[in-house]
Amino acid sequence: MANIWVYIDQFKGAALSASWESLGAAKKLAGDMSASVTTLVFGHNVESVAKEAFEYGADAVTLCDDGTLADFRARPYAALLAKLAADSTPDVIAAPNTTRGRDVMSMAAITLNTSAIADGIALNYKDGLVYVTHPAYAGKLLSTVVAKTGRSFHSQFITLRPRAFPKPEPTAGKSGAITKVEAVLKEDEIATKVTGYSIEEGKVSLADAKIIVSGGRGVGGPEGFAPVRELAEVLGGAMGASRAAVDAGWIPYAHQVGQTGRTVAPDLYIACGISGAIQHQAGMRTSKVIVAINKDAEAPIFKLARYGVVGDLFKIAPALSSEFRKRLGK
Amino acid sequence: MHIVVCTKQTPDTAAKVEVKDGHVTWGDSGLVVNPWDEYAVEEAIRLKEKHNGKATALSMGPEGAKETLKTCLAMGCDQAILISDPALKGSDTAATATALAAAIQKLGDVDIVVFGKQAIDGDTGLTAVAVATKLGWTPLTYLSKIEIDAAAKTVAVERSLEEGKQLCVAKLPAVVSVVKDINEPRYPSFMGIRKAAKAVIPTWSVADLGLDPAKVGVAGSSVTWPEIYPLPARESNVEIIDGSPEEIAAKLADKLIAEKVI
Ligand SMILES: Cc1cc2nc3c(=O)[nH]c(=O)nc-3n(C[C@H](O)[C@H](O)[C@H](O)COP(=O)(O)OP(=O)(O)OC[C@H]3O[C@@H](n4cnc5c(N)ncnc54)[C@H](O)[C@@H]3O)c2cc1C
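The structure presented is a predicted model; accordingly, all values stated were derived computationally and were not measured.

A. Structural detail: the sheet that holds strand E11 (residues 156-160) of chain A. Residues and elements named next belong to chain A. The strand order across the open sheet built from seven strands is E7-E11-E6-E1-E4-E5-E12, with neighbouring strands paired in parallel fashion. Among the strands making up the open sheet, the edge pair consists of strand E7 (117-120) and strand E12 (177-180). The mean inter-strand angle of the sheet, taken between neighbouring strand axes irrespective of direction, is 25 degrees. Sheet topology note: the strand E4 (residues 35-43)/strand E5 (residues 60-65) ladder contains six bridges and is parallel. Counterpart to Phe42 in the pairing with E5 is Cys64. In this fold helix H1 (residues 17-33) packs onto strand E1 (2-7), E4, strand E6 (92-96) and E11, with an angle of close to 170 degrees to the strand it touches most, E1.

B. Structural context of the packing of aromatic side chains. Counted under the stated rule, the structure contains seven aromatic pairs over all chains. Through successive ring pairs, a cluster of aromatic residues spans Tyr7, Phe42, Phe72 and Tyr77 of chain A. Looking at Lys126 of chain A, its charged tip hangs above the ring of Tyr131 of chain A, at a distance of 4.9 Å from the centre. Directly above the aromatic system of Trp36 of chain B lies the positively charged group of Lys117 of chain B, at a separation of 4.8 Å from the ring centroid.

C. The interface of chain A and chain B, seen in detail. Listed per partner, the contact involves 89 residues of chain A and 84 residues of chain B. Carbon and sulfur atoms make up 58% of the surface buried where chain A meets chain B, a total of about 7500 Å² over both sides. Counting the contacts that link chain A with chain B gives six salt bridges. Counting across the chain A and chain B interface gives 45 residue pairs in polar contact (both at pLDDT 80 or more). Here the side of chain A that touches chain B takes eight residues from helix H4 (residues 99-111) of chain A, the largest share from any one element. Of the residues contributing to the side of chain A that touches chain B, the split by class is 44 nonpolar, 25 polar and 20 charged.

Conventions we followed
- Residues numbered from 1 in each chain as written.
- Chains lettered and ligands numbered in written order.
- Predicted model: local features only at pLDDT ≥ 70, side-chain atom pairs only at ≥ 80, totals over all residues.
- Heavy atoms only, no water.
- Pairing = 2+ DSSP bridges.
- Helix = DSSP H or I, 4+ residues; strand = E, 2+ residues; numbered from the N terminus.
- Axes fitted to C-alpha atoms, helices over the stretch in contact; angles between N-to-C directions.
- Contact = heavy atoms within 4.5 Å.
- Phe/Tyr/Trp six-rings, centres within 6.5 Å; stacked < 30°, edge-to-face > 60°.
- Lys NZ or Arg CZ within 6 Å of the ring centre and 35° of its normal.
- Buried area = accessible area lost by both parts, 1.4 Å probe.
- Salt bridge = Lys/Arg side-chain N within 4 Å of Asp/Glu carboxyl O.
- Polar contact = N/O pair within 3.5 Å; in protein donor to acceptor, adjacent residues only side chain to side chain.
- Nonpolar A, V, L, I, M, F, W, Y, C, P; charged D, E, K, R; others polar.

Below, the structure is given as structure tokens:
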């Protein structure tokens, strides 16, 4: 029977939503291929993630719970993935295209003499191969990528773009068989030591956000982000920014959306005072619904938007915040 | 300290990229240093200045890619090398990494290799890790800070994850990739441009790298790109909402709730 593996990306024992989206994509593919789906849960104190994997649809879980995997480092994770893949050669190994997912998949694939296929937004199974649709040229083109037949290593390594595939509905209480495996590397064989983190707790990450409210040069200065931040908070979303606002030093780079920032694909993207330059579009054009608030009716962002407001963001954004506060009972 | 920076030549970001007869074209728009790589080049130059070392710019591509290598020289890299060979055409990540790793080994005394986060044409972001794996060196990706301890042969870094920053220390040699907030790339100086114009950039072929042509290019690749096509146009019939701010907010709230995005 064909077999698909899904690598579950987790941080400090919590799986990323993108991991379950990848599992959902794999389940769908498994239907076309008549395959079973095994998830790989690597980390330390991550047994709860293994349980969750069954609820999200895994047929089986391979678990490696080890102190060397407490912090993500590419080598111990990739060495383990490469060993498991070499031993069982599943047909497909999928992982979310997150910072960690990309690292571990690229390293394991190269170790096994093959290339990973990055950042898929659609999967199609035909004649024994999986065709991956991948945006290229800063999102201006799409290409289909496929592993060649007759290559030296059988498994296809594929990373999937967060929010490009729907997250499955979990079934509470579903469970299954967990296979426990040992880590491959010992601590003294790992050349990298993690010395700490600087992380803002409770912040919605851009990659995961269902709703993003972004500000551009139109906000006029660091204080101008206040109404943008307020709207993002009322909607339970994350705050984004254009490069112009980041380069002006009004907001940290972590918020930048676009070709040289993050690629996002929320359900709702509200652009406040952003003109919609092609490089900004590269990062947000796959958002489901785009709302543009801009003084200039000719701004290119209106070509992309579903709804447009020609007006001053300092009047519209606060009005939206108070309207939604009422509607959402906040 | 010998720092190598890998750069790729890509179409100008504002270029109108199209597909004609199955090939990607961008009219007469210029080619530039891949935007993400500008930060890598800047970081390589800063590291060499700080550690009194040498920075080498390395690129793989057609003869014309020497133009982008000249930009790297003009910014302050000490030397540049182009890997170019018809046999490399159609290389996937693994085949590209094979060639780059062979060139880094040929250079010999390299301590750290710096990449940009990804190339804006292929947009995979896998090559830095692939090269690290081929070399058996430490991969460290998405760095926003690099501090090298030359005596201890270690590097302390700050990595950008989805959740925030991870701080790590690793042994050299390492292969790293950098993100935008690591630095502000400098403009080439007038003197730099003059020097770069005169510079001779050696070209290394597959044979020069001692590689089997069957291990690179289409032959050495495990994936192919059977199709490339323009993004389907986004329906652009924007619905303009007007009225007073309060009316706009109410109308928009109705619409967004009906769209089920809130
Ligand atoms: C290599 C390269 C990479 C790049 N990468 C990125 C990237 O990753 N992300 C990115 O965003 N850009 C990127 N850019 C920059 C991009 O080309 C644009 O310069 C940038 O997106 C413009 O930002 P903006 O829309 O905020 O500013 P502007 O283009 O200046 O637009 C500001 C808008 O605000 C409107 N406005 C002003 N005041 C108000 C108000 N009170 N209310 C409502 N509207 C108002 C104006 O009408 C205008 O449309 C890149 C450029 C290059 C060359």
